[in-house]
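# Per-entry structural report
For reference, the chains in residue letters:
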Amino acid sequence: MQVKKKLLDLVRDKIRFKHYSYSTERTYVHWIKHYIFFHNKKHPIEMGKVEIEAYLTKLATKDKVSPTTQNQAFSAILFLYKEVLGVDISEWNIQALRAQERKHIPVILTKDEVKNILQNIPMEYSLLAYLMYGCGLRMSEALSLRIKDIDFGFNKIYIWDSKSLKDRTVPLPLKLKQQLVSQVELVTNLHQQDLNNGYGSVFIPYALEKKYPKSKFETKWQFLFPMKNISTDPRTKEQRRHHVHPQTLGRNIKVASQKANLNKRVTSHIFRHSYATHLLQAGIDLRSIQELLGHKSVETTMIYTHVVSEMNKAKLISPLDF
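Here is a short report on the structure shown in this document. Computed from a prediction, not measured in an experiment: that's the story for all the values here.

The next thing to look at is the overall build of the protein. When its secondary structure is counted, the protein shows 14 helices and 5 strands. Seen along its three principal axes, the alpha-carbon backbone of the protein occupies a region of about 70 × 65 × 35 Å. A sequence separation of at least 24 residues applies to 60% of the contacts in the protein between residues at least 6 apart. For the protein, the exposed area adds up to about 19,400 Å²; of that, 53% sits on carbon and sulfur atoms. In the protein, 50 side chains carry a positive charge and 30 a negative one; their mean positions are 3 Å apart.

In structure tokens:
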């Protein structure tokens, strides 16, 4: 007799089937569970637009969450109905429920400010941070790099399965080439130690792991920036070496900015913003920057033209200084 799966297990299965990240899985499961508990564990199939509106209103008015968080919760609920329950929500005018998110001009660092932060980052995370700025990578893209993604022959780096779902290449910074060669050697030796100790596997996207079951033990698939210790995969419970934890990198970047005595709000993404702005200031055309960043639309990249425009305003003077 086949046991019927619980709803949240069906959600997890669907998320994994669509190759969403583990962080997305945790986030979606959290909000779906929160939504169900808000309605006293009533099954979602018995609820609809009215219940969703009530829940989102509660998040906005009582919990006072940000528009971004509210939309995140809404996306999780939409995923539940559309992908898991197979409910047609096209007649619900559901888009009208999305909260308006404020558009912010990104904070940018000068080249000297970037240099000061990078010089204050601990040695074990230094190359990773330099690569994020030197290639304009998202934190997730930098952490997901594997040995096979570094092409020393053609001096380029491959970015797979990015946020935009568009694969791309970026120029390998020549100033980092020798350090990257050394990093590959370090990871290769570490991987051999893991194999000798009975470990050595690494997370492989599900479709590829099924097609190439031995690939998870191959050196070329190992993360370029691995964790110091072996950890347990939360999905498979297999003990393996994953990449550096995002919170660890983020914390080190924050501490480095404090040591650099910067009063700007510095996050890992500020390197990407600064990369794009500095390229634009150097005369690189907007379309090329769009391709380097992996943006789907050039309109997304155009925000950096506004940033440069604001910088140019700084050259204007007050009437008091005439």
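As a further point, take the pattern of salt bridges. Side chains bearing opposite charge may pair, as long as their charged atoms lie close to each other. One pass over the full model with this rule turns up 16 salt bridges. Among the salt bridges present, the one from Asp-13 reaches Lys-5, with a minimum N-O distance of 2.4 Å. Residues Asp-233 and Arg-240 are paired through a salt bridge, measuring 2.7 Å at the closest nitrogen-oxygen approach. The exposure classification of Asp-233 matches that of Arg-240, with both residues buried. Here the residues in one salt-bridge network are Lys-216, Asp-233, Glu-238 and Arg-240, joined through shared partners.

Enumeration according to the criterion identifies 6 aromatic pairs in this entry. Ring plane angle 65° and centroid distance 6.5 Å describe the contact between Tyr-35 and Tyr-81, whose orientation is recorded as edge-to-face. With a gap of 46 residues between them, Tyr-35 in helix H2 (residues 22–38) and Tyr-81 in helix H4 (residues 67–84) connect regions that are remote in the sequence. Both residues of the pair, Tyr-35 and Tyr-81, belong to the buried class. One aromatic cluster is present, built from ring pairs that chain together Tyr-35, Phe-38, Tyr-55 and Tyr-81.

What follows is about helix H1 (residues 7–17). Every buried residue of H1 is listed here: Leu-7, Val-11 and Ile-15. Seen along its axis, H1 keeps its buried residues to an arc of 80°; they face one direction. Of the surrounding elements, those touching the buried residues of H1 are H2 and H4. Trailing H1 by a residue or two, His-19 shows a phi angle of about 65°, which is positive.

Axis separation between H2 and H4 bottoms out at 9 Å; the angle between their running directions is 85°. What the angle tells us is that H2 and H4 run roughly perpendicular. Two secondary-structure elements touch here, H2 through Thr-27, Tyr-28, Trp-31, Ile-32 and Tyr-35 and H4 through Thr-69, Gln-72, Ala-73, Ser-75, Ala-76, Ile-77, Phe-79, Leu-80 and Tyr-81. For the contact of H2 with H4, the class distribution of residues is 10 nonpolar, 4 polar and no charged.

The sheet built from 3 strands is open, its strands ordered E1-E2-E3 with antiparallel pairing. Whereas interior strands pair on both sides, the edge strands pair on one side only; in this sheet they are strand E1 (150–151) and strand E3 (168–171). As paired strands, E1 and strand E2 (residues 156–159) are joined by 2 bridges and run antiparallel to one another. By the bridge assignment for E2, Ile-150 is matched with Ile-157.

Next up on the list: the environment of Phe-271. Its place among the elements puts Phe-271 in helix H11 (residues 269–281). Of the residues examined, Phe-271 reaches a relative accessible area of 0% and is grouped as buried. C-alpha separation for the pair Phe-271 and Glu-238, spaced 33 residues apart in sequence, amounts to 34 Å. If we ignore the near neighbours within four places in the chain, the residues touching Phe-271 are Leu-109, Val-114, Ile-117, Leu-118, Ala-129, Met-132, Tyr-133 and Ile-253.

Turning our attention to unusual backbone geometry. Here the phi dihedral of Asn-40 falls at roughly 55°; this positive angle occurs in a residue that is not glycine. On the secondary structure map, Asn-40 appears in the loop between H2 and helix H3 (49–61). Not every positive phi belongs to a glycine, and Asn-261 is a case in point at roughly 60°. One can find Asn-261 in the loop between helix H10 (246–259) and H11.

So, how was this worked out
Residues numbered from 1 in each chain as written. Predicted model: local features only at pLDDT ≥ 70, side-chain atom pairs only at ≥ 80, totals over all residues. Heavy atoms only, no water. Helix = DSSP H or I, 4+ residues; strand = E, 2+ residues; numbered from the N terminus. Contact = heavy atoms within 4.5 Å. Areas by Shrake-Rupley, 256 points an atom, 1.4 Å probe, with all protein chains shown as cover. Lys, Arg positive; Asp, Glu negative; His and termini not counted. Charge placed at Lys NZ, Arg CZ, Asp CG, Glu CD. Salt bridge = Lys/Arg side-chain N within 4 Å of Asp/Glu carboxyl O. Buried < 20%, exposed > 50% of the residue type's maximum accessible area, 1.4 Å probe, protein only. Phe/Tyr/Trp six-rings, centres within 6.5 Å; stacked < 30°, edge-to-face > 60°. Arc of directions from axis to C-beta. Axes fitted to C-alpha atoms, helices over the stretch in contact; angles between N-to-C directions. Parallel < 35°, antiparallel > 145°, perpendicular 65-115°, else oblique. Nonpolar A, V, L, I, M, F, W, Y, C, P; charged D, E, K, R; others polar. Pairing = 2+ DSSP bridges.

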